[in-house]
Amino acid sequence: MIQLEYLDRGLVAVTTSEGVFLSWRLLGNEAAGYSDRGLIGTEFHVYRDGGRIAAVTDSTNYLDRSGTASSEYYVCAAVNGLETDRSATVTPWKDGYCEIPLRKPADGITPKGEAYSYSANDMSVGDVDGDGQYEFFVKWNPSNAKDNSHSGYTGPAYIDCYRLNGTLLYRIDLGVNIRAGAHYTQFLVYDFDGDGKAELMMKTAPGTKVIRYDDQGRAVSETYITMLPEDAAEGYSHQDDYRMSSSDYYEHIVELFLGWHKHEEVAAGHWPDTLEACFGIEKRYRYPLSRGDAEQLADYFMDVYAPSRSSRNNLRAVEGFVLSGPEYLTVFQGETGKELETIRYKPGRHDGGLMWGDYSWNRLEPGNRVDRFLAGVAYLDGRKPFAVFARGYYTRSTVAAYYWDGGHLQEQWFVDSGWVTMNNPFKDTLHLQDGRNEAFGTLARQGAHSLSIADVDGDGCHEIIYGAATIDHDGTILYSSTGVMPEGSRATGKTVKLGHGDALHVADIDPDRPGLEIFMVHEGGAGVPYGYTLRDARTGEVLCGAPATGDVGRGMIGQVDPAYRGLQTWSSEDIHSQQTFGLMTAKGEQIDRRVPGTNMNIRWAANMTTQIISGSFDQPVVIDDWKRGRLLTADGCCSNNGTKGNPCLVADIFGDWREELLVRTADSSAIRIYVSTEVTDRKLYTLMHDAQYRVGVAWQNVVYNQPCYPSFYLASDIDWAAVPLPQFYAPRVERAGNVNSV
């Protein structure tokens, strides 16, 4: 039986123009069957100001037209007319939303004297004290956060843990040795050891510390994480700063060139034995190089060779990257922030990106491909959650799975594609598709800017959908998807990998096919068979797709038009041709040349269709329905991550099966939570009691945030008979500190 969370009733009340809207949870283990309008099982009695006002059998929401802003409500679960459980008492939210007050970190100054400030960014939720209510984890990004490919210093990133009332429990300062940006810090919040309380896991480094606060908001302690003994013995300390200045980077290149003759790839015969051969110039120097000769070659490399590859290659200005120093993976206690264990992050960076391919394209990008991180939670054995941490997806791709037993992280398996062999690290012309590892080499080059986790083969265990490849629950490669290059392409008829992409969705897209499907966009342009694909999640077979001449940057799914069965799919335009593929059915047939937005979707409507969240930069965050138009404008709020326009979180954290919108106010003084107040007569348990959806909420903060989906078909034409009734145990923390299951 699978381990999920104990949750309370999640009752919320919201003042509307028609009265007070109430919404609460049906728990997964309270559903006993189905009817033609929804699930059956537990029913509910609604109370206002101590008096019963309604019995609700067909849903988990109610509109009290006689309610006022001062009314007090609770609901009681009822089985065969007998009340079995009473919720907490709530009062209505004013203005249609709830706000969590935040404590913004202080502004800072980079080593170059550049000022930066902070805004709230990605979020996650977890019950850290076992009371059945979620706490809220907020990542703070500095205004100078960077994409990996961009040079420059950043301020440190922070992770805060808040209660709903705004009480700050603790703040984790990741320190100067973790660069800030979407690709660096993926944080997992989940009850990994089954004690009824969530933990927090993420990549850390020397300088990472935990700041704890008391009930009055005063900082009461600051504690650095534990440095591994071997690192302390080597002289590393929490006061170290591994951020490179431009002179540090120049010295990094000189040291690389000084050791060229003994580099492992040179010794193996994979790379030229002279740097002159790498740069395509006549040999001038003897090896091993003297320091003077290494400096002359470094000057040539930076001032002549690099600009000849691209006018954007200004290596003299490279700074702010962290290419050395220890890298850790730390488990924190969710309730207190206490460090529980710190281990080495696996794998390490190995080098500054040379073997990862950071210098092999026209754009020379130190510290780019080497520092691409993903993370997720997966029920690999079908019973308990495992943490998954990954590094790399453009070339070498690695994934490690761990089980947390409450005391130690235990490695379950480690997948490593191996290095993708190059014939010249500064201008590769081999362009091999696979890594060197015979068992896992096909994983190379297939990763995306996100991952997904689902049981794709129906064995009851989760697989990791790593972009265009899928890792089975046991750490083997289930498949790595390929396609045949189309007629008229530069490699007509050749079978090649589908390759990297920026957006990925795994759901029951076509309810008339067995199993799940994968919709993904691809950025390889004319070098890969497709700009987008719809694939069979079990086998990786391409069901439909179309070629593109350039990067198709975003893609989305959802039933935006209920006239068509299945979830629709669509993508952003091909950046070269400016063409779109249009809005398509689950079978790949075009419905409309126009497309909805591609930033994020949300299940907001009463009829189980999908809505779209839009608004980037300073635009207001809005929810739009493809047929009905605008449903919500979150005035005074902003999205995150630039053009990506992501909310802080979209998840079913309160009320019925619909999702809540969590966004930051424009000044990041609060997180604002909106709930849908459309009355629905569709009765479904909370999506958090579907394991695929729940782990999706845990990985939603990863890189280019993507929506999460349940394991079953969820749309206006849902087949209630096909909705699984969850069989799970939920660890519950009793007041005495014991853990029981419900």
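Residues numbered from 1 in each chain as written. Predicted model: local features only at pLDDT ≥ 70, side-chain atom pairs only at ≥ 80, totals over all residues. Heavy atoms only, no water.

Draft legend 1. Examining the UniProt feature "domain: Rhamnogalacturonan lyase family 11 C-terminal" (unreviewed entry) in the chain more closely. Here the UniProt feature "domain: Rhamnogalacturonan lyase family 11 C-terminal" (unreviewed entry) sits at residues 97–209 and 313–722. From the first C-alpha to the last, residues 97–209 spans 33 Å; its make-up is 0% helix and 42% strand. (UniProt positions renumbered as here; feature names shortened; annotations may be inferred. Helix = DSSP H or I, 4+ residues; strand = E, 2+ residues; numbered from the N terminus.)

Draft legend 2. Summary view of the nonpolar core. F136, I653, I671, L684 and M688 are the most contacted members of the largest nonpolar core, which has 61 residues in total. Setting aside residues no more than four positions away along its own chain, L684 makes contact with L26, L39, M608, W657, F712, L714, W720 and V723. (Core = buried A, V, L, I, M, F, W, Y, C linked by side-chain atoms within 4.5 Å. Buried < 20%, exposed > 50% of the residue type's maximum accessible area, 1.4 Å probe, protein only. Contact = heavy atoms within 4.5 Å.)

Draft legend 3. Representation of the pairing of strand β4 (residues 31–34). Pairing geometry for β4 and strand β5 (residues 39–41), over three bridges, is antiparallel. What sits directly across from A31, in β5, is G41. Between β4 and the antiparallel strand that follows it, β5, lie four residues; G38 among them carries a positive phi value of about 160°. (Pairing = 2+ DSSP bridges.)

Draft legend 4. Looking closely at the UniProt feature "domain: Rhamnogalacturonan I lyase beta-sheet" (unreviewed entry) in the chain. Here, the residues flagged by UniProt with the feature "domain: Rhamnogalacturonan I lyase beta-sheet" (unreviewed entry) are residues 3–93. Split by type, residues 3–93 is 0% helix and 51% strand. Its first and last C-alpha atoms lie 32 Å apart.

Draft legend 5. Region of interest: the sheet that holds strand β30 (residues 469–471). One open sheet accounts for four strands, arranged β28-β29-β30-β31; its pairing is antiparallel. Edge positions in the sheet fall to β28 (452–454) and β31 (477–480), since each has one partner strand and no second. Averaged over neighbouring strand pairs, the angle between their axes works out to 20° when direction is ignored. When β30 meets β31, the two strands line up antiparallel, connected through three bridges. Bridge assignment links A469 to a residue of β31, and that residue is S480. (Axes fitted to C-alpha atoms, helices over the stretch in contact; angles between N-to-C directions.)

Draft legend 6. Up close: the packing of helix α2 (residues 246–258) against helix α5 (residues 291–309). Interhelical geometry of α2 versus α5 gives an angle of 120° and a closest axis separation of 9 Å. In terms of orientation, α2 and α5 fall into the oblique class. As for how α2 packs across α5, the hand of that crossing is right-handed. From α2, Y249, Y250, E251, I253, V254, E255, F257 and L258 reach across to α5, where they touch R291, A294, E295, L297, A298, D299, F301 and M302. A class-by-class count of the residues in the contact of α2 with α5 yields eleven nonpolar, no polar and five charged. (Parallel < 35°, antiparallel > 145°, perpendicular 65-115°, else oblique. Left-handed = near helix turned anticlockwise from the far one by under 90°. Nonpolar A, V, L, I, M, F, W, Y, C, P; charged D, E, K, R; others polar.)

Draft legend 7. Representation of the sheet that holds strand β10 (residues 82–86). The antiparallel open sheet is built from four strands, whose spatial order is β7-β6-β9-β10. At either end of the open sheet lies a strand with only one pairing partner, and these are β7 (51–56) and β10. The mean inter-strand angle of the sheet, taken between neighbouring strand axes irrespective of direction, is 35°. Pairing analysis gives five bridges linking strand β6 (residues 43–48) to β7, with the strands arranged antiparallel. Its bridge partner being in β7, Y47 is matched across the sheet by R52.

Draft legend 8. Expanded view of the environment of G67. For G67, the location among the structural elements is in the loop between β8 (61–64) and β9 (73–79). Since its relative accessible area comes to 16%, G67 is described here as buried. Separated by 98 residues in the primary sequence, G67 and N165 have C-alpha atoms spaced 24 Å apart. Apart from the residues within four sequence positions on either side, G67 is in contact with V20, R48 and Y73.

Draft legend 9. Examining the packing of aromatic side chains more closely. In the structure shown here, the tally under the stated rule is 30 aromatic pairs. Seen from their ring centres, Y190 and Y379 are 6.2 Å apart, and the 70° between their planes marks the pair as edge-to-face. Of this pair, Y190 sits in strand β18 (residues 188–190) while Y379 sits in the loop between β24 (373–378) and β25 (386–391), and the two are 189 residues apart along the sequence. According to the relative accessible area criterion, Y190 is buried, its value standing at 4%. Judged by its relative accessible area of 1%, Y379 falls in the buried class. Grouped by ring-pair contacts, the aromatic residues F257, W260, W271, F279, Y300, F301, Y305, Y359 and F426 constitute a single cluster. (Phe/Tyr/Trp six-rings, centres within 6.5 Å; stacked < 30°, edge-to-face > 60°.)

Draft legend 10. Geometry of helix α6 (residues 691–699). Counting buried positions over the nine residues of α6 gives nine, a clear majority of the element. Residues of α6 that are buried include every one of A691, Q692, Y693, R694, V695, G696, V697, A698 and W699, and no others.

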